[in-house]
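Examining the three-dimensional arrangement
Here is what each chain is made of, one letter per residue.
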Amino acid sequence: MAKIEFDKISLDYLDAGGQPFNALDEISFEVKEGEFVSIIGSSGCGKSTVLSILAGLNEPKSGEYTIDGNKVTGTGRDRGVVFQHYSLFPWMSVRKNVEFGIKQNFPSLNRKELENKAYEYLAKVGLKGFENKYPSQLSGGMQQRAAIARTLAMETDILLMDEPFGAIDAKNRVILQDLLVDILESTVPKKTIIFVTHDVDEAIYLSDRILFMKNKKIERSIDVPFDRPRKRETLAGSSRYREFRQDIVNLFYYDNELRSEYEGGEGI
Amino acid sequence: MIRKIHSILPHILFAILAVLIILPSLESVGEYYSFLTVVILIEVALIFNRKSIVANDIGIIVFVFLIFWEYTTAKHGVKNGMLYPAPENVFAIFIKDYKKIFEGIFSSLRLLFMAFGIAILLGVGLGLFVGLSDRLSGTILPIVRVISPIPPVIYSPYAVALLPSFRAASIFVVTLTIFWSLFMSMVLSVRDIDKKIMDSAKTLNLSKRSLILNVLVPYSLPGIINSISVSVSTSFLVLTAAEMIGATAGLGWYVKYNSDFANFTKVIFGIIMIGIVVTLLNALVGVIRKVLIRWK
C-alpha cells in the first residue's frame with residue numbers, strides 16, 4: 001500500500017475579484033514508504049500548492065488525500081514541514097525552538113530529556129555551540145539548519161520540504177544537501193520525503209523519483225536511475241547524468257518527449 | 001580648536017553658574033544649597049557622558065538657561081518675585097515640602113499603575129479574543145474606530161459625577177487612554193500575523209492555548225510595549241489633568257492647589273517634578289523593553 005496517496009485532488013483559490021482561480025487540476029500520485037520524491041516545475045505550476053495540501057495548510061476542493069489509507073484533514077503529528085523561509089520563532093533561542101517542536105510530538109518528555117534531544121539534533125545539523133543564539137543572530141543558512149533540526153527532532157514518518165534551500169547561496173546549498181543526505185541515510189526507519197524544488201540538479205542528486213509539474217498538473221513521473229550512495233563529483237562527470245539532466249531541463253522549455261526508458265510506472 | 005572649545009564650554013558655563021550662585025543675592029532669595037546640589041548633579045552627569053557630543057550640546061543649553069534664570073532673578077531681581085521666582089527658592093521647596101511631594105508622586109503613580117494593569121489585562125485579553133474571530137473583529141473594529149478617537153479627558157467630569165469616588169473616576173479615564181491603542185494594536189497584530197509564523201505554528205499542531213501563549217503573545221509583545229511607551233506620557237497628562245479637577249492628592253493636585261494660593265514657586269517646582277517623573281517612567285519602559293525583547 002502506498003504511504004501517501006493523492007486521488008484526483010483539485011483546488012481553487014479565490015482571486016482578488018472573488019473569482020475562483022484553478023490552482024490544481026485533478027492531481028493524482030502515490031508515494032511509497034521510505035521514498036524520496038521531488039516535485040519540480042516552473043514557478044506557478046502548483047508545486048508549492050501540492051505541498052501545502054500535503055502539510056494540511058490548505059484543504060482540497062475535491063479529491064481524496066490519504067496517508068496509510070486514512071483520509072487526511074488538516075495538519076498532523078505524522079508530518080514535519082520545512083519551509084523556504086526561516087520559519088523559526090524569532091522570540092525563542094534556537095534550542096528553545098527545537099525543544100518547542102519536540103514538545104508538541106513528545107508531550108511526556110521532561111525538561112532534561114527535551115534539552116538533550118534538542119542538543120542532539122542541533123549537533124547533527126552542525127549548530128553545536130550556537131544553541132542559545134536567537135535566530136536573528138544567525139545567518140540564513142544557519143537558521144535553515146535550525147529549522148531542519150526542529151523538524152527532524154519531531155521524528156515524524158513523513159518530511160515535507162518546500163524549497164528548503166531556495167534562499168541559500170550556492171556553496172551553503174551544497175553543504176546542506178549533503179547534510180540532509182547524511183542524516184537521512186543514518187535514520188532508521190527510512191523517512192518518506194516529498195521535496196519541492198526548481199533546481200534540477202538538486203532533485204536528481206537527492207531523490208528516488210521526480211514528479212514534473214506543468215499547468216497545475218503532474219506531467220511526468222521519472223525514476224532517477226542512479227544508485228546510492230551518490231557521489232556528487234562522479235555523478236556530475238558522467239555522460240549518463242548529463243543526458244538525464246538535459247532531458248529534464250528540456251521538459252521546462254520544450255514539450256519534448258522524454259526517453260521512455262526513464263518513465264516511471266508508479267503514480268500516474 | 002572649535003571642537004576643543006565645544007568640549008570644555010559646558011564646564012566653563014558650569015563654573016560661571018556656580019560662582020554666580022555663591023555670590024551674594026538679593027534679600028528675598030533663600031538658601032542656595034538645594035539649587036547648587038542640582039547644578040552639581042547635572043555637571044556630574046555631563047562628566048560621565050563627556051564623550052557624547054549630544055550631551056555636551058544639552059549641557060550648554062541647560063547651563064545657559066540656568067545662568068539666565070539665576071542672573072535675572074536672584075542677582076538683578078526682576079521685581080515680581082512671586083510670579084518669577086529665583087531658582088534657589090524653587091529648588092528649596094524640595095527640602096521644605098518633600099513629604100507632600102513624595103505623597104503626591106506615590107498617589108499619582110498608584111493610580112497610573114492601577115490603570116496600566118487594568119488596561120494591559122483588558123487590552124491584551126480582549127484584543128486576542130476579538131482578533132482571533134473574523135466575525136467579531138469585523139463587527140467591533142468599525143465601532144471602535146468611532147469611539148477610540150474621543151479624547152478620554154472629555155469623560156472626566158461625567159465620570160466624576162457617575163462613579164462613586166474620584167479615584168474610580170480617574171482610574172477609569174486613564175485606563176481608557178491606554179486601553180484603546182493597546183486593544184487596537186493587539187487586534188491588528190493577531191489579524192496581520194506573518195503568514196510564515198502562522199504556517200509554522202500550524203504545522204507544529206499547537207493547541208489553541210499554546211498558540212496564544214507561545215506564539216501570538218510573544219509575537220505581539222513589541223507592539224504592546226510600543227503602545228505602552230506611547231501611552232506613558234499621554235496617560236500622565238490625562239492623570240494630572242484629572243487630578244486638577246477633583247483630587248486631594250497627586251502631582252496634578254499639588255500644582256493646582258498651590259496655584260490657587262498663588263504660590264508659583266511651588267507650582268514651578270511641581271511642574272519640574274512632573275517632568276522628572278515622566279522621564280523616569282519612560283526610562284522604565286525602555287528597561288522593560290530591553291529585558292522582554294532580547295531577541296530583536
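Rules used throughout
Residues numbered from 1 in each chain as written. Chains lettered and ligands numbered in written order. Predicted model: local features only at pLDDT ≥ 70, side-chain atom pairs only at ≥ 80, totals over all residues. Helix = DSSP H or I, 4+ residues; strand = E, 2+ residues; numbered from the N terminus. Rg over C-alpha atoms; globule rule 2.2 N^0.38 Å. Buried ≥ 20, exposed ≤ 12 C-beta atoms within 10 Å, placed from the backbone. Domains from an automatic or database assignment. Pairing = 2+ DSSP bridges. Axes fitted to C-alpha atoms, helices over the stretch in contact; angles between N-to-C directions. Core = buried A, V, L, I, M, F, W, Y, C linked by C-beta atoms within 7 Å. Contact = placed C-beta atoms within 7 Å. Nonpolar A, V, L, I, M, F, W, Y, C, P; charged D, E, K, R; others polar. Expected span 1.5 Å × (residues − 1).

Observations concerning the overall build of chain B
- Along chain B, the regular secondary structure elements total eleven helices and zero strands.
- From first element to last, N terminus to C terminus, chain B shows the α and β order α-α-α-α-α-α-α-α-α-α-α.
- A compact globule built from 296 residues should have a C-alpha radius of gyration of about 19 Å, whereas chain B, at 24 Å, is more than 25% larger.
- C-alpha atoms of chain B, sized along the principal axes, occupy 75 × 55 × 30 Å.
- The 296 residues of chain B split such that 33% are buried.

What about the domain arrangement of chain B?
- Taken domain by domain, chain B consists of domain 1 (2–75) and domain 2 (98–292).
- On a C-alpha basis, the centres of domain 1 of chain B and domain 2 of chain B stand 37 Å from each other.

Focus: the sheet that holds strand 3 (residues 36–40) of chain A
All names here are of chain A.
- Here six strands make up an open sheet; going across it, the order is 6-7-8-3-9-10 and the pairing mixed. Two strands in the sheet have a free side with no partner beyond their single neighbour: strand 6 (79–82) and strand 10 (217–223). Neighbouring strand axes in the sheet, compared pairwise and without regard to direction, differ in orientation by 20° on average.
- For strand 9 (residues 209–214) and strand 10, the ladder comprises six bridges, and the chain directions are antiparallel. Residue pairing across strands places Lys 214 opposite Lys 217, the latter belonging to strand 10.

A short note on the nonpolar core
- The biggest cluster of nonpolar side chains holds 121 residues, and the ones touching the most others in it are A:Ala149, A:Leu160, A:Ile194 and B:Val174.
- Both of domain 1 (2–75) and domain 2 (98–292) of chain B provide at least three residues apiece to this core.

Examining the pairing of strand 6 of chain A
All names here are of chain A.
- Burial of the side chains of strand 6 extends over both faces: Arg 79 and Val 81 are buried on one face and Gly 80 and Val 82 on the other.
- Inspection of the sheet shows strand 6 paired to strand 7 (residues 158–162) by four bridges, in the parallel sense. Paired with Gly 80 across the bridge in strand 7 is Leu 159.

Digging into the interface of chain B and chain A
- Contacts between the two partners involve 14 residues from chain B and, on the opposite side, 17 residues from chain A.
- Going through the elements one at a time, helix 8 (195–203) and helix 9 (208–246) of chain B are the ones with two or more residues in the side of chain B that touches chain A.
- It is helix 8 of chain B that contributes the most residues to the side of chain B that touches chain A, six residues altogether.
- Residue classes in the side of chain B that touches chain A are distributed as six nonpolar, four polar and four charged.

Let's talk about the pairing of strand 1 (residues 4–14) of chain A
Residue and element names in this part refer to chain A.
- Where strand 1 meets strand 2 (residues 20–31), eight bridges bridge the pair, whose relative direction is antiparallel. Counterpart to Ile 4 in the pairing with strand 2 is Val 31.
- As consecutive antiparallel partners, strand 1 and strand 2 are separated by five residues, and within that stretch Gly 18 has a phi angle of approximately 85°, a positive value.
- Relative to strand 4 (residues 62–67), strand 1 runs antiparallel, the two being bridged by five bridges. Bridging from a neighbouring strand, Glu 5 pairs with Thr 66 of strand 4.

Some thoughts on the sheet that holds strand 4 of chain A
All names here are of chain A.
- An order of 2-1-4-5 is seen for the four strands of this open sheet, with the pairing classed as antiparallel. Looking at which strands have only one partner, the edges of the open sheet turn out to be strand 2 and strand 5 (70–71).
- Most of the contacts of helix 1 (residues 47–55) go to strand 2, to which it runs at about 70°, and overall it touches strand 1, strand 2 and strand 4.

Some remarks on helix 8 (residues 239–253) of chain A
- Here helix 8 of chain A spans 21 Å end to end across 15 residues, near enough to the 21 Å set by a 1.5 Å rise per residue.
- Next to the buried residues of helix 8 of chain A lie helix 6 (200–206), strand 9 and strand 10 of chain A.

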